[in-house]
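The lines below spell out each chain.
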Amino acid sequence: MGNILDKFKEVPQEKKEIDASRKLRIGIIGTGWIAEAHVDGYKRMPDVEIVAAADLIPGKAEAFMERMGLGDADIKYYPSHKAMIDDKSLNLDAVSVCTYNCQHAPCTIYALENGINVLLEKPMCVTTEEAVEICRAEKKSGKILSIGFQPRFDENMKMLKRIVESGVLGKIYYIQTGGGRRRGIPTPFGTTFIEKETGGIGALGDIGCYSLGYAAPLGMADSILCMGASASLPCGLTQAIEG
C-alpha cells in the first residue's frame, strides 16, 4: 500500500501571490450562528470584502457584524435578501446564503437569477424539487453555485479522490460512510434549526448530508440506502426518522 500511495504524493508548489487590487464583493444573507464561519473565512482572504448583510430581524445583522469585529466596516444592511440583491449599487460578486434551511432555495435562486455567484450553506435545500430548481437556475445563470460541503476539500478526501480516479482500485461498487453528533443539536442558538417550518429536515439532512457529500465525489453507486435517527434522551432512541 505504501508504494501505491507514493504515486499520489504531491510535489510542493510555490504559493502564488494573491492579487488584492480588485476585491470580490460579498453579501451575507442570514446572520445567525453559521454565518460566523463564513465571515471568519472571508476575513482571512485579502481579495475579498463584505459589503452587505441582510436579515429579517431588525438590528440583528448590525449586531452580528459588530460582534464579528466589522462594526466599523463600510457595510450596508437590508431587511431581506431581495432588498439587498435588488440594490445594484452594491455590485455584488457573490453571496453566502446562511438562512434556515427552508429559505435556502428561494434565496439562492433569486441570487442566481440576478447574476450573482452563491456559496450555499448545507444542506442544499429540503426537497428534491427545490434542488432541481436550484440547479436549473444555476445552469441558466452561468454563475457558480457551491454547496458548503467543505470536508470535500480536506486533504484526506482529495487524496482518496485521486486514488479512486486513477483506477488503481478498480471499479468502486460499494461505499460505506456514516457520522453522528454525540452532544445533541445546536438549540442554544435557537429552535429554527429543528422546527419543521424552518429547518424542514431531520438528522439525515443535517449531518447525514455530510456522509453523502463524502461519497459523491468518489462516484455514486447505482442505488443508495440512507438511514437516520434522532434521540432526545441519552439512554435510547425516541424517534426514528427517514428510512
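Structure first, text after, so check above.
Residues numbered from 1 in each chain as written. Predicted model: local features only at pLDDT ≥ 70, side-chain atom pairs only at ≥ 80, totals over all residues. Heavy atoms only, no water.

Go over the sheet that holds strand β2 (residues 48-54), please, and point to the residues and values.
The parallel open sheet is built from 6 strands, whose spatial order is β3-β2-β1-β4-β5-β6. The sheet is open, and its two borders are formed by β3 (76-78) and β6 (145-147), each paired with just one other strand. Along the sheet, successive strands turn relative to each other by an average axial angle of 25°, direction set aside. Here strand β5 (residues 117-120) pairs with β6 via 3 bridges, running parallel. Looking at the pairing, L119 lines up with S146 of β6. (Pairing = 2+ DSSP bridges. Helix = DSSP H or I, 4+ residues; strand = E, 2+ residues; numbered from the N terminus. Axes fitted to C-alpha atoms, helices over the stretch in contact; angles between N-to-C directions.)

Summarise the side chain of S96; cite the residues concerned and give the values.
Secondary-structure assignment places S96 in strand β4 (residues 94-97). On the basis of relative accessible area, S96 is assigned to the buried category, the value being 0%. Polar side-chain contacts of S96 include one of 2.9 Å to the side chain of H38. Only 2.6 Å separates the side chain of S96 from the side chain of Y42, close enough to count as a polar contact. Excluding anything up to four places from it in sequence, S96 contacts G27, I28, I29, H38, Y42 and L119. (Buried < 20%, exposed > 50% of the residue type's maximum accessible area, 1.4 Å probe, protein only. Polar contact = N/O pair within 3.5 Å; in protein donor to acceptor, adjacent residues only side chain to side chain. Contact = heavy atoms within 4.5 Å.)

An account of the nonpolar core is requested, with residue identities and associated values reported.
Of all hydrophobic cores here, the largest spans 29 residues; its most connected members are M84, V95 and V118. Secondary-structure elements contributing two or more residues to this core are β2, α4 (81-86), β4, α5 (104-113), β5, α6 (128-141), β6 and α8 (203-215). Of all the elements, α5 adds the most residues to this core, at 6 residues. Not counting chain neighbours up to four residues away, the residues in contact with V118 comprise V95, V97, T108, A111, L112, I144, L145 and S146. Core analysis: the second largest hydrophobic core is formed by 16 residues, A35, V48, A61 and I75 among them. (Core = buried A, V, L, I, M, F, W, Y, C linked by side-chain atoms within 4.5 Å.)

Give a description of the environment of R67 that names residues and reports values.
Along the chain, R67 turns up in helix α3 (residues 60-67). The class for R67 is exposed, based on a relative accessible area of 51%. Separated by 31 residues in the primary sequence, R67 and E36 have C-alpha atoms spaced 9.5 Å apart.

Could you give me a rundown of α3, with the residues and numbers involved?
Along α3, the residues that are buried comprise A61, F64 and M65. Around the axis of α3, the buried residues are gathered within 95° of arc, so they sit on the same side. Opposite the buried face of α3, at more than 90 degrees from it, the exposed residues are E66 and R67. Taken together, the buried residues of α3 touch β1 (24-29), α2 (35-43), β2 and β3. A positive backbone phi angle near 80° is found at G69, which sits one or two residues after α3. (Arc of directions from axis to C-beta.)

Give me the lowdown on unusual backbone geometry, citing residues and values where you can.
Residue K122 is joined to P123 through a cis peptide bond whose omega torsion reads -10°. Looking at where P123 falls in the secondary structure, it is placed in the loop between β5 and α6. Its identity is not glycine, yet N91 carries a phi of approximately 50°, on the positive side. Exposure remark for N91: the relative accessible area of 53% places this residue in the exposed category.

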